[in-house]
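# Structural features, examined
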Amino acid sequence: MSAISLDQLRAAVRNIPDFPQSGIQFKDITPVLGDAVLFSALIDHVAAPYRPGDVDVVVGIDARGFILAAATAYRLQAAFAPVRKKGKLPYQTLEQSYDLEYGSNTVAMHADAIRTGQRILLVDDLLATGGTAGASASLIERLGGRIIEAVFFIELAFLNGRSKLQGFPVRTLVAF
Ligand code: AMP
């Protein structure tokens, strides 16, 4: 286990009020990524329950999720697969839409990103309303993946994103 505590990681997250719009408290993780010791500790914490061989594919969510998921995949000697916003992936895709407060969003995965029965770790930087992760989980399940866990560095607990993530364990490292 890492010598760096979750409290130390939490303290390094920078809060940016009113970004990208008024009323949003943006959680900026670049101070964690920009510190070699903290970044490595963050990946240690994400990967801690697992050993190489436990996970087949780490799925990361566009865009900060890619950073954590790719490093975790390397650490666990697993494959990496991206969930991207609709229209960005070049090959055949499966798409999943989800509702926002106003309108909707669509995420996509490559049709061959996951094989039936593969053990999937879903990773993103932050769980807010859970819409993005919920749609990502649906894509993984439609592709035949078995989600062993969804893990997030940060949880905005007051938004109750966990309610959109059911049927598999959800772990968050720090909450605000
Ligand atoms: P949601 O679908 O509402 O759970 O939103 C999750 C996605 O939006 C994640 O990929 C986050 O990177 C991003 N996000 C949402 N709210 C914030 C926030 N306050 N600070 C930083 N990123 C956020």
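A quick note: this is a predicted structure, and the numbers were derived from the prediction, not measured. (Residues numbered from 1 in each chain as written. Predicted model: local features only at pLDDT ≥ 70, side-chain atom pairs only at ≥ 80, totals over all residues. Heavy atoms only, no water.)

### Let's talk about the site of the ligand
The cut-off we apply is this: Residue proximity to a molecule or strand is established when one non-hydrogen atom of the residue lies within 4 Å of it. Each polar contact in these results corresponds to two N or O atoms within 3.5 Å; when the atoms are within protein, one needs to be able to donate a hydrogen and the other to accept it, and residues that are neighboring in sequence are counted only if both atoms are side-chain atoms. Methods summary: accessible areas were calculated by the Shrake-Rupley approach with a probe of 1.4 Å, and residue burial reflects only the protein chains presented.
For the ligand, the set of nearby residues contains 13 residues, the closest of which are Arg64, Asp124, Thr129, Gly130 and Thr132. In this structure, Arg64 approaches the ligand through a side-chain N or O atom, which is 2.7 Å from an oxygen atom. The contact in question runs from an oxygen atom of the ligand to an N or O atom on the side chain of Asp124, over 2.7 Å. For the ligand, the protein covers 82% of the area, taking 480 Å² as the surface of the free molecule.

### Some words on the packing of helix H3 (residues 36–47) against helix H4 (residues 64–75)
Spelled out, the test is: To obtain each axis, a line is fitted to C-alpha atoms, and for helices this fit is confined to the stretch in contact; angles are then taken between N-to-C directions over 0 to 180 degrees. Helix and strand assignments follow DSSP, with helices taken as H or I runs no shorter than four residues and strands as E runs no shorter than two, numbered in order from the N terminus. When describing relative orientation, an angle under 35 degrees is termed roughly parallel and one over 145 degrees roughly antiparallel, while 65 to 115 degrees is termed roughly perpendicular and anything else oblique. A crossing counts as left-handed when the near helix is turned anticlockwise from the far one by less than a right angle, and as right-handed when that turn is clockwise. Contact criterion: two residues are considered in contact whenever any of their non-hydrogen atoms come within 4.5 Å of each other. Residue polarity follows a fixed list, in which Ala, Val, Leu, Ile, Met, Phe, Trp, Tyr, Cys and Pro are nonpolar, Asp, Glu, Lys and Arg are charged, and the others, Gly among them, are polar.
Orientation of H3 relative to H4, taken along the N-to-C sense of each, is 70 degrees, at an axis distance of 10 Å. Judged on the interaxial angle alone, H4 and H3 are roughly perpendicular. You can see that H3 and H4 cross each other, and the crossing is right-handed. Each of Phe39, Leu42, Ile43, Asp44, Val46 and Ala47 in H3 lies in contact with H4, whose residues at this interface are Ile67, Leu68, Ala71, Thr72 and Arg75. Tallied by class, the residues present in the contact of H3 with H4 amount to eight nonpolar, one polar and two charged.

These figures come from the coordinates and say nothing about function on their own.
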